[in-house]
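Understanding the architecture of this molecule
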Amino acid sequence: MNPYGSESDLTGAATLTSCPTSFIPKAVRGSLFFFLDDPGTDNDPVSSYRYYEDGILILTDDGHIADIGSATDMQSRYGLTHRDIIDHSGKLIVPGFIDTHTHYPQSGIIAAYGYQLIEWLEKYAFPAEAEFIDKHYARTISRFFLSELLRNGTTTALIFGSVHKVSAEALFEEAEKLNMRIIGGKIMMDRNAPQYLLDTPETAYSDSKALIETWHNKRGRIRYAITPRFAATSSNEQLQTAQRLYHAYDDVYLQTHVSENQHEIAWVKRLFPSSKSYLNVYNDFGLVGPRSIFAHGIHLTDDEFKLLADKNAAIAFCPTSNLFLGSGLFNFNHACLASVRLTLGTDIGAGTSFSMLKTMAEAYKVVQLQSNFASASKKKAALTPFKAFYMTTLGAARALFLEDKIGTLQPGKEGDFIVLNPDATPLLSFRMKKTLTLADRLFAFMMLADDRAINAVYLMGKRWQNSEA
Ligand code: GUN
Ligand code: ZN
């Protein structure tokens, strides 16, 4: 017996492949799973989620979710006929994944051998980013990058461009064509990097401002993130311009890096001797607040976690990158105890996978590696499968202040959802048949699945088809 619904595949692939991408179905059937609230660290936090083993999602004509419930209820309430329904029975439908930290210009340097952060930036990242001065190239890589996100079930991402304004324009233009909800920005960087990649406080300000005024809440589903690369590559003057922009526009984001690597931390301390800590450099410039997302935060102190929590800022935990660069093990336990808004990021190209399922798996292992050392007097936080899926859906949407739009499957939300196939590989299928609970099934997906398990991706109710393939 397939745990995700009836054995019968009423329409299956034949119906699906005949759907043009412009088509918004009236109803989509399958097992449905989404969160209403933070599951915390409970092993089975039933009140935090909804699960319909055989469910139907009703869509509006413009691709929003109109209703959701058991297939029996929805069929009788809406008088659905066979022709109204796209049938994914036997598969699990969840909100599209949200990747809260990634760099599209680094797509070509994933798996670059041999260095830790600072040398890796100099040897690989900076030369790769230099190519994004060419808008045509930026457009080609944007297309590839966005289709990799979608192939992996990621429907929203918070994305770094390069220092070049055209890099952000190309990314936004391609995302607009897909009607994909993304947040991005051009890097601000006016020191401690090769001359060919530097802007100035003035050009960083005017380019970012122009991008905000053209794109932010203006075209497609695009929002802007002010993007100082990290404290070490921005002067005081440039961080002041970032502050001006962050406070001048409604809903703009701030994305940067913090406390990733011990050498980086020591360097930032030398550059900003009067700041109390690395995070406080940003705070001293008024950059820690709602909609600010800090990547990594591996070596943050409890005071810094508290500051993030107090200011409603968020951390993007990027386990594949942290392991790949040998940066360290993110202290998930302390971050949870401080009630910091926690999300997951791939951090392409230091991260090694576009898949949020693989990212969840590596996050689990990072937490496991530290669980023996957690203080016995404090409550230990485990990365349950519920928490991992929450951090990748509703938890990320909340951290981005987008929970009224994405991250869950409740009525009124945008129809961004994905279909996971429990039979995608022989091993996944074999393991899945041995599972007894929903928690076991989610855990099997997060530990064993990857892009092969992403059976379908819907953006605003329309099924995405990969024209890059
Ligand atoms: N810190 C500053 N820039 C970067 C970057 O591009 N990748 C990572 N992982 N860390 C950074
Ligand atoms: Zn990064």
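This text goes with the structure placed above it.
Anyway, here's the lowdown on the structure attached to this text. Along each chain, the written sequence defines residue order, and numbers are assigned to residues from 1. Here chains are named by letter from A upward and ligands by number from 1 upward, in the order in which they appear as written. For a predicted model such as this one, the threshold for reporting local features is a pLDDT of at least 70, and the threshold for listing and counting side-chain atom pairs is 80 or more; totals across whole chains, interfaces and linings nevertheless cover every residue. As a rule here, side-chain values come from all non-hydrogen atoms in the structure, and water together with hydrogens is ignored.

Re the site of ligand 1
Note the following rule: Any residue with a heavy atom positioned within 4 Å of a molecule or strand is treated as near that molecule or strand. As used in this structure description, the phrase polar contact means that two N or O atoms lie within 3.5 Å; if the pair is within protein, one of them must be able to donate a hydrogen and the other to accept it, and residues adjacent in sequence are counted only when both atoms belong to side chains. Each accessible area is a Shrake-Rupley result for a 1.4 Å probe, and residues are judged covered by the shown protein chains and nothing else. Throughout this entry, Asp, Glu, Lys and Arg are counted as charged residues, while Ala, Val, Leu, Ile, Met, Phe, Trp, Tyr, Cys and Pro are counted as nonpolar. The remaining residues, Gly among them, count as polar.
Lining the immediate environment of ligand 1, one finds His103, Gln106, Leu117, Trp120, Leu121, Arg229, Phe230, His257, Glu260, His296, Asp347 and Ala350. Arginine 229 is positioned such that a nitrogen or oxygen atom in its side chain is 2.7 Å from an oxygen atom of ligand 1. When ligand 1 is considered free in solution it has 280 Å² of accessible area, and contact with the protein chains removes 100% of it. Across the shell around ligand 1, the residue classes tally to 5 nonpolar, 4 polar and 3 charged.

Quick look at the packing of helix H6 (residues 201–215) against helix H7 (residues 236–248)
Rule in force here: Every axis corresponds to a line fitted to the C-alpha atoms, with the helix fit spanning only the stretch in contact, and the corresponding angles, defined between N-to-C directions, vary from 0 to 180 degrees. Numbered from the N terminus, helices here are DSSP runs of H or I no shorter than four residues, and strands are runs of E no shorter than two. Oblique is the label for every angle not falling under 35 degrees (roughly parallel), over 145 degrees (roughly antiparallel), or within 65 to 115 degrees (roughly perpendicular). For any helix crossing, the convention is left-handed if the near helix is rotated counterclockwise from the far helix by under a right angle, and right-handed if that rotation is clockwise. Should any heavy atoms of two residues lie within 4.5 Å, those residues are considered in contact.
Closest axis-to-axis distance for the H6/H7 pair is 9 Å, and the angle between their directions is 20°. Classified by the angle their axes make, H6 and H7 are roughly parallel. Read as a crossing pair, H6 and H7 show a hand that is right-handed. Across the interface between the two elements, Pro201, Ala204, Tyr205, Ser208, Lys209 and Ile212 from H6 touch Glu237, Gln238, Thr241, Arg244 and Leu245 from H7.

Some remarks on the packing of helix H5 (residues 165–178) against H6
Between H5 and H6, whose axes approach to 10 Å, the crossing angle comes to 15°. What the angle tells us is that H5 and H6 run roughly parallel. H5 and H6 meet at a crossing whose hand is right-handed. Side by side, H5 and H6 meet where Lys165, Ala168, Glu169, Phe172, Glu173 and Glu176 of the first sit next to Asp207, Ala210, Leu211 and Trp215 of the second. Its residues placed into classes, the contact of H5 with H6 shows 5 nonpolar, no polar and 5 charged.

Section: the sheet that holds strand S15 (residues 454–459)
Strand pairs in the sheet, formed through backbone hydrogen bonds, run parallel or antiparallel to each other. Quick note on the threshold: Here, a strand pair is defined by DSSP locating no fewer than two bridges between the strands.
The sheet built from 7 strands is open, its strands ordered S3-S2-S1-S4-S14-S15-S16 with mixed pairing. Single-partner strands in this sheet number two, and they are strand S3 (65–70) and strand S16 (462–463). Sheet topology places strand S2 (residues 49–59) next to S3; 5 bridges connect them, and they run antiparallel. Note that in S3 the partner of leucine 59 across the bridge is isoleucine 65. Of the strands in this sheet, strand S1 (27–35), S2 and strand S14 (417–420) are in contact with helix H14 (residues 385–392), which crosses S1 at around 110°. Strands in contact with helix H17 (residues 438–448) are S1, S2, strand S4 (85–95) and S14; relative to S2, the strand with the most contacts, it is inclined by about 70°.

Digging into the coordination of the zinc ion (ligand 2)
What counts is decided by this rule: Only N, O and S atoms count as donors, using a 2.8 Å limit from the metal and a wider 3.2 Å limit for Na, K and Ca, and since water is excluded some coordination spheres may look unfilled. For a four-donor site, all angles between 85 and 135 degrees give tetrahedral; for four or six donors, opposite pairs above 155 degrees with the remaining angles between 65 and 115 give square planar or octahedral; all remaining cases count as irregular.
On the protein side, the zinc ion (ligand 2) has His101 (NE2), His103 (NE2), His257 (NE2) and Asp347 (OD) as donor atoms, found 2.0 to 2.4 Å from it. Here the zinc ion (ligand 2) is ringed by 4 donor atoms whose angles at the metal span 90 to 165°, and the overall shape comes out irregular. The sequence pattern describing where the donors of the zinc ion (ligand 2) fall on their chain is H-x1-H-x153-H-x89-D.

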